[in-house]
Amino acid sequence: MNPNNAHQQTGLALRGIRVLDFTWIHAGPSATRILSDQGAEVIKVESNNALSVIGGPASATARGLGQRHNWNAGKLSISLNMKNPQGIDIARRLVAVSDVVAENFSGRVMPSWGLDYESIRAINPSLIMLSMSGFGRTGPWKDRVSYGQTLQAWSGFTELTGFPDTDPSGPASAYSDAVGGMAGAQAVLLALMHRARTGRGQWLDVSQFESLTSLLETLALDMSANGANAVSSRTGNRLPYGGGAPHGAYRCQGEDRWVAITVFTDEEWRDFVEVIGSPKWAEETRFATSDARQHNADALDVLVESWTGRHTAEDVMNRLQAVGVAAGVVQTGEDLSRDPQLKEQGFFRRVPDHRGEYRTIESAPYKLSRTPGSVTRGAPEFAGDMTYVLRELLGMSDDEVEDCAINGAFD
């Protein structure tokens, strides 16, 4: 079966699963967005106070079109004042009819509402609770405050990024949020599999700190094996262990245009040399073997860039890829928006928002032939699904809804 015809197949992997989503900013919403793409009904509990931090209540705000619109695509939205007893009561009633509760607050918030795991398990014993925090719910740092850049520094990630003669740089964005979001979604899927077999729910304690630290490749192993001799310094574009050469990003023709090239084997080196015109310097002893090229990598980089600088990044990539040498343009956002591979795969989707206006957002980075899933609509209007949730899902009467509104249960 051709995955490209997946949209013609029926079925969604998480159809019938309901997620009560208290998450905000990036890490939590990106986790529940993954679940929504696969058919879960995600009810996002929002407030004007929280939205003021991430772009305001309207999904048409400048930040809403990016952050809120992308990470909350396909979800439903209700507004609850969680400082109000009736607002908390509605949340508890939603717990009773949900499969998953997701939150990424500090450890003090959910208990203050009476919605910690022990409390909601008493309401719904089979419920799965996803708690995503900076450092997890136990340990000496469980109550510490963190954001993406601080977590990246704490995990050791920032120390490894940059060049040997420069200060640590770190990723330009909150990379830890995206990593934490994927870890959170993975944990929910594992818990759903366990519940399908046993009928039992569980509490998922996801630490963004640990999620990011798990990506540090061989750093921890190197430290445990080599101690003071471990390679823990910044290495720029090169790998610290058997990184090959040339291995880096090289300037190309045009303003701020670059291409990344990686050559590991002698066969790849011969193909690379042929593409660049077999210059005399490529025959020198200092470049004769892989070890020799790594040892003389600085000099080699200068010579490689003397060739790439005369060509466009796209030309360099295409010519090297044609002979099986790994090379890729260092793409900008504009480049990605017109990338032919992403276009063919349908990675960027145009979907209607609550006004019917079409917005471009990301789709899932995987293709399932039988249960493809897909984002089909943008982020919801703030509190745009109150009628469905309160009246249809919870069966509240008009008088009950009116009383809650008068008493400030809706934020």
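Overview of the structure. All values reported here derive from a predicted model rather than from experimental measurement.

1. Re the overall build of the protein
When helices and strands are tallied, the protein shows 18 helices and 11 strands. For the protein, the residues scored as buried account for 44% of the 411 residues in total. Restricting to contacts in the protein with at least 6 residues of sequence separation, those with at least 24 account for 68%. For the protein, the accessible area works out to roughly 20,800 Å², and carbon and sulfur atoms hold 52% of it. Computed over 38 positive and 49 negative side-chain charges, the inter-centroid distance for the protein is 3 Å.

2. Here's the deal with the pattern of salt bridges
Following the criterion strictly, the structure yields 21 salt bridges and no others. For the salt bridge of aspartate 335 with arginine 338, the shortest nitrogen-to-oxygen distance reads 3.5 Å. On the basis of relative accessibility, which here comes to 5%, the residue aspartate 335 falls in the buried class. For arginine 338, a relative accessible area of 53% puts it in the exposed group. We note a salt bridge from arginine 391 to aspartate 398, for which the minimum N-O separation is 2.7 Å.

3. Description of the pairing of strand E8 (residues 258-262)
Sheet analysis places strand E7 (residues 247-251) next to E8, joined by 5 bridges and oriented antiparallel. Bridged to tyrosine 250 within E8 is valine 259. In this structure, the hairpin formed by E7 and E8 is closed by a connection of 6 residues, where glycine 254 is found at a positive phi of approximately 105°. As paired elements, E8 and strand E9 (residues 326-329) share 4 bridges and run antiparallel to each other. Bridging from a neighbouring strand, isoleucine 261 pairs with alanine 327 of E9.

4. What to know about the sheet that holds strand E4 (residues 100-103)
One open sheet accounts for 6 strands, arranged E3-E2-E1-E4-E5-E6; its pairing is parallel. Since the sheet does not close on itself, it has two edges, and those belong to strand E3 (76-79) and strand E6 (203-207), each with one partner. Averaged over all neighbouring strand pairs, the angle between strand axes comes to 20°, with direction disregarded. The pairing of strand E5 (residues 128-133) with E6 spans 5 bridges and is classified as parallel. Within E6, the position partnered with methionine 132 by the bridge is valine 206. Against the sheet, helix H8 (residues 175-198) touches E4, E5 and E6, its axis set at about 160° to E5.

5. Points about the packing of aromatic side chains
For the structure shown, the criterion picks out 13 aromatic pairs. Consider the rings of phenylalanine 135 and phenylalanine 209, whose centres lie 5.3 Å apart with planes at 55°: the pair is tilted. Of the two residues, phenylalanine 135 sits in the loop between E5 and helix H7 (148-154) while phenylalanine 209 sits in helix H9 (residues 208-213), which places them 74 residues apart along the sequence. Summarising the burial analysis for this pair, phenylalanine 135 and phenylalanine 209 share the class buried. Centroid distance tryptophan 141 to phenylalanine 209: 5.9 Å. Interplanar angle 55°. Geometry classified as tilted. One end of the pair, tryptophan 141, is in the loop between E5 and H7; the other, phenylalanine 209, is in helix H9, and 68 residues separate them in sequence. Overall, tryptophan 141 belongs to the partly exposed group, its relative accessible area being 29%. What links up through ring pairs into an aromatic cluster is the set Phe135, Trp141, Trp154 and Phe209.

Calculation notes
Residues numbered from 1 in each chain as written. Predicted model: local features only at pLDDT ≥ 70, side-chain atom pairs only at ≥ 80, totals over all residues. Heavy atoms only, no water. Helix = DSSP H or I, 4+ residues; strand = E, 2+ residues; numbered from the N terminus. Buried < 20%, exposed > 50% of the residue type's maximum accessible area, 1.4 Å probe, protein only. Contact = heavy atoms within 4.5 Å. Areas by Shrake-Rupley, 256 points an atom, 1.4 Å probe, with all protein chains shown as cover. Lys, Arg positive; Asp, Glu negative; His and termini not counted. Charge placed at Lys NZ, Arg CZ, Asp CG, Glu CD. Salt bridge = Lys/Arg side-chain N within 4 Å of Asp/Glu carboxyl O. Pairing = 2+ DSSP bridges. Axes fitted to C-alpha atoms, helices over the stretch in contact; angles between N-to-C directions. Phe/Tyr/Trp six-rings, centres within 6.5 Å; stacked < 30°, edge-to-face > 60°.

Function cannot be read off these values alone, since they describe shape.
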